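Take a look at the letters that make up each chain.
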Amino acid sequence: MKNYLLYILGSLLLLAACARDKGNYDYIDIPDPVVTNLDTAYIAIVGDSLIISPTVELKSGKNDYSCFWEIAVPERAMSLDYEGRELRIVFGLAANRYNVLLRVQDNNTGQRYFYEFVIKGQTEFTRGTLVLSNDGAHSKLSFVKPDDSVQPDIYSAINEEALPGGAMQLVPIRHQFYMNQLNFYWLTYSGNGSGAVQLDANTLQRSKYLKENFYDPPATIEVGSMLNMLDGVTTGIFNGKLYRGTTETAPFWPYYGFWGVPIDGNYSLHPRVLYNSFENPYDTYFLGFEKNRKQFIRFLGNTYFDTSGYNVPVPDTAFNPKDLKMDLIHMDRFSDDNLYAYCDSMGKKIELRFAVRLNAGQRIFRALAKREFAGASLLTPDTKWASSPIQVFFFSSGDKIYRYNPLSEEIRPLDANFNGKDVTMLKVLNNGDLLMAGTEGSLYYLNISTGNNGVITKQIDGFPGEVVDILARDN
């Protein structure tokens, strides 16, 4: 009973105390510190010093503060932590993009303030242009520095080996959903039985040979082409079959992007394969050309559908995509509503226009038009092709380049003059404003923006052999 009375008495005293608390508190509004000399992004060269010296002015009293720096390193699942009013380190991380958190502590009040920025690690090969050329019996890789000076045949100098001839492609490996960094790329060639090497994009050192990217490599591998996918894997056409890189592991794991077995089916693919991953990265179809039966075939996911994978609506029967009776020269895709193929029919050059709906749940191939190609007389066995986002084509004929508008069938020669040297490469960049052209020993920049007809704005010389592909990078 005594305890009960004490409990009641204590409660009454507490209520009385609460009744006297009028809630009249004095709050002190402390302004945020003023931080200057701190950028949102810093460039750090691997192996060089990195110094970041922000200026902090406190408004709470004397300028007594501490700084704590946290550099997130996701590929190691860790962070690098530093303390000090300046960040002074020798940058020893890989050439990647790193998120940094700066924590400023006001030692007068104990209050903490947070600031975020980015460090972009780079090497001497992070900015510039890689140029692949075919020099007789050997493929050569050269590097063009930002000042346009050329380091010829740099692959051999760094890796102390020569590559077989028949240079074909430079294919980037960039995972756009994980850090969006160019870490590696493939260099492919047709010589010596065909093959490829994978290079570290930041050091140009060979990281592996083609067979080392297979769980169980075929006895022989003929490289048709490689396709860069948005998820950082490479789709390859090897021995006429379609191989898709595996994505079962984390992107930084060694087996990410490995090839297993090809997509099963009775087909032999032309190296030119179209796909829509840029519009539908999680619902990608592949449209290929079967070389033996002369027909368009469809792949979805890891399944081959052959011609049963699509239907041709009755009004759209300008040609039979399931039995063309023609050989494919080139094909390209501007959108699902506007695709073109150029074929050879017993010496006659034919242009086909079509539209497709080939994603999951859709299986339509609209054969819209068939006609003789207006530029048939200009095509040669060595003609190079490139397409522009404004839905025009560029193609070469000897030492000339032509612009072709398939809507009007207008063919116009560009102004560029290559002094009798055959064009060996075409590539459209800068959203259709720049056309890159390669010849024996030289790389040309052509202005193809609105109102310009391919005038040469820059020429870089000093490449061994015929330029066949380039890869320009600025990060």
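Now for a description of the structure that goes with this document. On a predicted model such as this, the values are computed, not experimentally measured, just so you know.

This paragraph deals with the overall build of the chain. Helix and strand content of the chain: 2 helices and 35 strands. For the chain, the spread of C-alpha atoms along the principal axes amounts to about 110 × 60 × 50 Å. Relative to its 475 residues, the chain shows a buried fraction of 46%. Relative to all contacts within the chain whose residues are 6 or more apart in sequence, the contacts with residues 24 or more apart total 51%. With the model as given, the accessible surface of the chain reaches about 23500 Å², and the carbon-plus-sulfur share is 49%. Separation between the mean location of the 45 positive side-chain charges and that of the 54 negative ones in the chain comes to 5 Å.

Moving on, we come to the nonpolar core. By size, the foremost hydrophobic cluster in this structure holds 23 residues, and its most contacted members are Ile-71, Phe-117 and Ile-119. Among the secondary structure elements, those contributing two or more residues to this core are β2 (41-45), β3 (49-52), β5 (65-73), β7 (87-90), β8 (97-106) and β9 (112-122). For this core, the element with the most residues is β5, which contributes 5 residues. If we skip the residues at most four places from it in the chain, Ile-71 touches Met-78, Ser-79, Leu-80, Tyr-82, Leu-87, Ile-89, Leu-93, Tyr-98, Asn-99, Val-100 and Ile-119. Core analysis: the next-biggest nonpolar cluster, separate from the first, contains 22 residues, Leu-300, Leu-324, Ala-341 and Phe-354 among them.

Next up on the list: the pattern of salt bridges. Scanning all chains against the criterion turns up 16 salt bridges. Of the charged contacts in the structure, one is a salt bridge between Lys-140 and Asp-135, with a shortest N-O distance of 3.0 Å. The partly exposed category is assigned to Asp-135, whose relative accessible area is 30%. When salt bridges with common partners are traced through the structure, they connect Glu-351, Arg-371 and Glu-409 into a single cluster.

Within the secondary structure layout, Asn-359 lies in the loop between β27 (348-357) and β28 (364-372). What makes Asn-359 buried here is its relative accessible area of 7%. Among the polar contacts listed, one links the side chain of Asn-359 to the backbone oxygen of Asp-283, at a separation of 2.5 Å. Ignoring anything within four residues of it in the chain, the contact list for Asn-359 reads Asn-276, Asn-280, Asp-283, Tyr-285, Arg-298, Leu-300 and Asp-336.

A separate point is the side chain of Thr-424. As for its position among the elements, Thr-424 is in the loop between β32 (410-413) and β33 (425-429). With relative accessibility at 11%, the residue Thr-424 sits in the buried group.

This part covers the sheet that holds strand β23 (residues 295-300). Pairing is antiparallel across the open sheet formed by 4 strands, whose spatial order is β21-β22-β23-β24. Looking along the sheet, the strands with just one partner apiece sit at the ends: β21 (274-275) and β24 (303-306). As judged from the 2 bridges shared by β21 and strand β22 (residues 285-290), these two strands associate in the antiparallel manner. Along β22, the bridge assignment pairs Tyr-275 with Phe-286.

Here we come to unusual backbone geometry. Within the chain, Asn-192 stands out as a residue other than glycine whose phi angle is a positive 55°. With respect to the helices and strands, the residue Asn-192 is situated in the loop between β15 (182-189) and β16 (195-200). When its relative accessible area of 71% is taken as the criterion, Asn-192 is described as exposed. Here the phi dihedral of Gln-391 falls at roughly 65°; this positive angle occurs in a residue that is not glycine.

What follows covers a nonpolar patch on the surface. Residues Tyr-215, Phe-252, Trp-253 and Tyr-255 make up a contiguous nonpolar surface patch of about 470 Å² in total accessible area. As for its placement among the helices and strands, Tyr-215 is situated in the loop between β17 (206-209) and β18 (223-228). For Tyr-215, a relative accessible area of 47% gives the class partly exposed.

Another aspect to go through is the sheet that holds strand β6 (residues 78-83). The 5 strands are arranged β2-β9-β8-β5-β6 in an open sheet whose pairing can be described as mixed. Each edge of the open sheet carries a strand with a single partner, namely β2 and β6. Across this sheet, the average inter-strand angle for adjacent strands is 25°, counted without regard to direction. In this structure, β5 lies alongside β8, joined through 7 bridges in antiparallel fashion. Residue pairing in the sheet places Ile-71 in a bridge with Val-100 of β8.

Conventions adopted
- Residues numbered from 1 in each chain as written.
- Predicted model: local features only at pLDDT ≥ 70, side-chain atom pairs only at ≥ 80, totals over all residues.
- Heavy atoms only, no water.
- Helix = DSSP H or I, 4+ residues; strand = E, 2+ residues; numbered from the N terminus.
- Buried < 20%, exposed > 50% of the residue type's maximum accessible area, 1.4 Å probe, protein only.
- Contact = heavy atoms within 4.5 Å.
- Areas by Shrake-Rupley, 256 points an atom, 1.4 Å probe, with all protein chains shown as cover.
- Lys, Arg positive; Asp, Glu negative; His and termini not counted.
- Charge placed at Lys NZ, Arg CZ, Asp CG, Glu CD.
- Core = buried A, V, L, I, M, F, W, Y, C linked by side-chain atoms within 4.5 Å.
- Salt bridge = Lys/Arg side-chain N within 4 Å of Asp/Glu carboxyl O.
- Polar contact = N/O pair within 3.5 Å; in protein donor to acceptor, adjacent residues only side chain to side chain.
- Pairing = 2+ DSSP bridges.
- Patch = residues over 30% accessible without salt bridge, like charges linked within 9 Å, V, L, I, M, F, W, Y side chains within 5 Å.
- Axes fitted to C-alpha atoms, helices over the stretch in contact; angles between N-to-C directions.

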